[in-house]
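As a plain string of letters, each chain reads:
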Amino acid sequence: MSPPDQTTLPSNCDDASTLRVQNEALRNQVDTLQEQLAALKAELEAARGLTATAADTIAPTPADAPRRASCGPCGGDPSTSAPTAPPAHPPRAPPRHGLSRAQAERYSRHLLLPAFGVAAQERLCRGSVLIVGCGGLGSPAAMYLAAAGVGRLGLVDHDSVDVSNLHRQVMHSTARVGMHKALSGRLTCAAINPTVQVEAHVCGLSPASALALVDGYDVVIDASDNPATRYLVSDACVVAGKPLVSAAAVGTDGQLTVYNHGPDGPCYRCLFPESPSPENCSRCGEAGVLGVVPGVMGCLQALEAIKLLSGVGEVASKKLTLFDALSGRFTTVRLRGRSPGCVACGASPALTRASLPDYDYVLFTGQPPDDGPPPDLQLLDAAARLAPAEVAALLAAEANGAEANGAAAADGAAEAVAEAGEQGPEAGAKRGEDEARAGAESSTGSAGPAGPGPRRGVLLLDVRPQAQYDVMALPGAVHVPFERLDERLGEVLALCGAPAGSTPAGSSAAESSAANSAPTSASAAEAAPQGAAVDAPEAAAAGAGNHPPPRPRVVVLCRRGNNSQRVAARLAALGVEGVTDMVGGYQAWARQVDPAMPLL
Amino acid sequence: MVRVRLEFSGGLELLFGNQKECEVDVPVASGQQELTAGHLILWARDNMLQERPELFVKGNSVRPGILVLINECDWELCGAGESTISEGDHVVFISTLHGG
Ligand SMILES: [Zn+2]
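Residues numbered from 1 in each chain as written. Chains lettered and ligands numbered in written order. Predicted model: local features only at pLDDT ≥ 70, side-chain atom pairs only at ≥ 80, totals over all residues. Heavy atoms only, no water.

The next subject is the coordination of the zinc ion. Residue and element names in this part refer to chain A. Around the zinc ion, the protein supplies C267 (SG), C270 (SG), C342 (SG) and C345 (SG) as donor atoms, at distances of 2.2 to 2.3 Å. Angles of 90 to 121° at the metal separate the four donor atoms of the zinc ion, which places the site in the tetrahedral class. Along the chain, the residues donating to the zinc ion are arranged with the sequence spacing C-x2-C-x71-C-x2-C. You can see C267 sitting in the loop between β6 (253-259) and α10 (268-271) and its partner C342 sitting in the loop between β8 (329-334) and α13 (361-365), a full 75 residues away along the chain. Note on accessibility: C267 and C342 belong to one class, buried. (Donors = N, O, S within 2.8 Å, 3.2 Å for Na, K, Ca; no water. Tetrahedral: all angles 85-135°; square planar, octahedral: opposite > 155°, others 65-115°. Helix = DSSP H or I, 4+ residues; strand = E, 2+ residues; numbered from the N terminus. Buried < 20%, exposed > 50% of the residue type's maximum accessible area, 1.4 Å probe, protein only.)

As C-alpha cells, then:
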C-alpha cells in the first residue's frame, strides 16, 4: 500500500481550511482502506472456497489463489511477484506487468484492446484524478474512471443530493437525497470497483484549499457549475502544473476541452481573460438541462482523463468539442494557443502559489461560487408586497364574498381568466372586466389583508416562462412571460385598467374618468346593502359618461419573487395603481401555502 | 454583399429569436474593400438581434464569454475583429457554458 499522499502535505500552513482538507483526506483514506480491506476479505473467502474445492480434486494448490497482498492502485513490482519457491502449479512464465490476477481479469477487455493494452492499464492504475463537482458531469466521469481502474480518485463537492439532481446526476440515488454528494459518490465508485481508492472532499474547493487538493493528483476534471469555481480550478491547475479536463452543459448544449496541457496549450483565462457578466451565464437551475447532455460530456471527460493518464490517443488540447444534442451533432473547432499576456499562464503571471489563495474570485466573476439562485431583490416597498398567506387570504375572501352574494360570479370570472390565458388579448380584457365586476359585487366592507380600502377584484399576473407555467399555476392567473411583457404591454395595461401606452389620447381620458369613478363605485358598493350593490359599478361608470371597468388589484407572480418585482415596478410606473407582487413567488407559495404543489 | 452562414449556440440563439442557423447577405462597410468579422458583429446586432443587445456586444466586439469561430476556427487565430469574412464562410457565435 503506497503511503497516503495527503500526509505529506505541507504542515507549516496555518490555514484552517488546509488543515481541514488534510483531516478530511486522512479520514477518507481510513474509510477507503477499510472498504478495500472488506473487499479483500471477501475475495480471500471466495479464493479459500475455490482452493478447498480444488484441493479435493487436484493435488497442487493454486499459487495465484491468494492474490497479491498489494491491493492498491497497482500491483507490486513484477520482479517480486515471480514465485521464489519451486512452482507448485502448471508451468507459467512470470508476468511481464504489475497487474494482479484480479486486476488482469477485471480490466481484461482493456488489455485485449490493441490500442490500449497492459502497459496503458498499468499507467491508469498508478494514476490519480481529482474531480471538482459531483453533479451531472462529475457523476459519469467518476463512475467511468472508477470502473476503468484509475488508482485514486478525489471527489470534491460541498453540496448535498437534492431530488431535482437525480435526473442527471446518476452517481446518486433517491435513498441518498440529503447526503453529501462527495460521500454518495464515494459509495457508488467503491461499489463499482472496491480496489480504487476514493477520497471525498466535502468542503468543496476554495482559494485557500485549492492548491493543496490539486497538488495531490495527476489530472484534474472541472465538472463544476459556476464561473468562480471554473476560474479557480484553472488557476490552481496552472500553478500546480496539472492538465485540466474541462466540460460544461446547459440546456441541450455541451462543450469540452483540455486546458494547460502540452507546450502551448491555453488555460481557461487565455480564452476568457474577462469574466462574463452574470446575465450571460445561463444556469441549469434556471434554463434547465436535458439530463443526458451532461452525461455525454462527463463521459468525454473520463475519456480525456484516461488518455492523459495512459498516454494513449490524442488529447483535446487547443480544440473545443461542441455537442448539439438536438441535432445530434459533434463539432470540433481549433482554439488559440497559450496567450503570452495571460495573467495565469503567461510570461509574467500575476497568479502564483503565493497570490492565488487570496484572489477574490467572487469579485472577479461577480457571482458566488455556486449554482444557487440569484439574491433576492428588494425593488418594491417591502410593506406593500404580499406574503403567500396574504395572497391566499385575498383569494379566499374574494371567493367567499362571491358566495355570500349567492352568485358564482367569482368562479365564472376565474374560469374566464383561465380561458383568457389561452384566447389572447381580447378575451383577456373582457375577462378582466368580468372579474373586476365580480370583485366589486363581492364587497362586504371588510378590508382585505393587504390593508385598508375598498376591495377590488384580484388580477394574478403570472410572468414565469412558459415551461414553468405548463407545470402548474394558480387558478385564474393570467400568464404573460417576463420576456414577452414588452410586446404584450398594451394587453396587460388594459387588463390592469391602466391607460394603454400605445393610445395616449383616448386612454388618458379613460384613465382620468376611471380615477374619478373608481372610488365612487367602490364606496357605493361598500355602502349599499347586499344585492343592491350588483348594479353599482355600471351605475357609477354610466355616471362618469364612460364604461371603464373597476380596476382590479394586480398581484404579479413569478418563480422566486425577483421578476415579479421588476414587472410590478414597471406597471406602477406606467400608471397601474396599487400593483404589487407575491414575496418569494411560487416557490414560497408551494412551501408556505400549498405543500402539494411541485416545487420547481 | 457577402453571403455568410451564421450560427448561434450556447444560449446566444435566444437573443436572435431562437434561431440557431441562418444564411444572410451582409453588406461591406462603406469605404472598405472586404467584410470584416468586427463589421459582421455590428451588422448582426443592428439587423438580427431581437433583444438585450448588451448581452451580445460590448464596445465594438462581442461580450466577454463569447467565442467567435470562423470556418471551425477560433477567430484569434485569424485576426479577431480584423478577420476577413469571405463569400460562403461559416461564422459561429458561441457563449461559453458554465453549468454542470
Ligand atoms: Zn492562460
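Let us look at the sheet that holds strand β2 (residues 21-26) of chain B. Backbone-to-backbone hydrogen bonds pair the strands of a sheet. The strands run either parallel or antiparallel. Residues and elements named next belong to chain B. One open sheet holds the four strands; their spatial order is β2-β1-β8-β6, and the pairing between them is mixed. This sheet does not close on itself; its edge strands, each paired only once, are β2 and β6 (66-70). In this sheet, neighbouring strand axes are inclined to one another by 25° on average, regardless of whether the strands run parallel or antiparallel. Each of β1 (2-9), β2, β6 and β8 (90-95) touches helix α1 (residues 37-47); the most contacted strand, β2, lies at about 110° to it. (Pairing = 2+ DSSP bridges. Axes fitted to C-alpha atoms, helices over the stretch in contact; angles between N-to-C directions. Contact = heavy atoms within 4.5 Å.)

What follows covers the environment of L459(A). Inspection of the secondary structure puts L459(A) in strand β9 (residues 458-462). Considered as a pair, L459(A) and R551(A) are 92 residues apart in the sequence and their alpha carbons are 9.2 Å apart.

What follows is about the UniProt feature "binding site: Zn(2+)" (unreviewed entry) in chain A. Residue and element names in this part refer to chain A. Mapped onto this structure's residue numbering, the UniProt feature "binding site: Zn(2+)" (unreviewed entry) falls at C267, C270, C342 and C345. The greatest C-alpha distance among the residues just named is 8.5 Å, despite their covering 79 residues of sequence, which places them together in space. A relative accessible area of 5% means that C270 is categorised as buried. In this view, C270 contacts R336, G337, R338, S339, C342 and C345; residues no more than four positions away in its chain are not counted. Its location among the elements puts C345 in the loop between β8 and α13. C345 sits in the buried class, given a relative accessible area of 12%. Excluding anything up to four places from it in sequence, C345 contacts V238, C267, C270 and R338. (UniProt positions renumbered as here; feature names shortened; annotations may be inferred.)

The residue N260(A) is not glycine, and still its phi comes out positive at about 55°. One can find N260(A) in the loop between β6 and α10.

Next up on the list: the UniProt feature "modified residue: 1-thioglycine" (unreviewed entry) in chain B. The positions UniProt marks with the feature "modified residue: 1-thioglycine" (unreviewed entry) are G100(B). For G100(B), the position within the fold is in the segment after β8. Judged by relative accessible area, which is 8%, G100(B) ranks as buried. When neighbours within four sequence positions are excluded, G100(B) is seen to be in contact with G135(A), G136(A), L137(A), S224(A), D225(A), A249(A) and C284(A).

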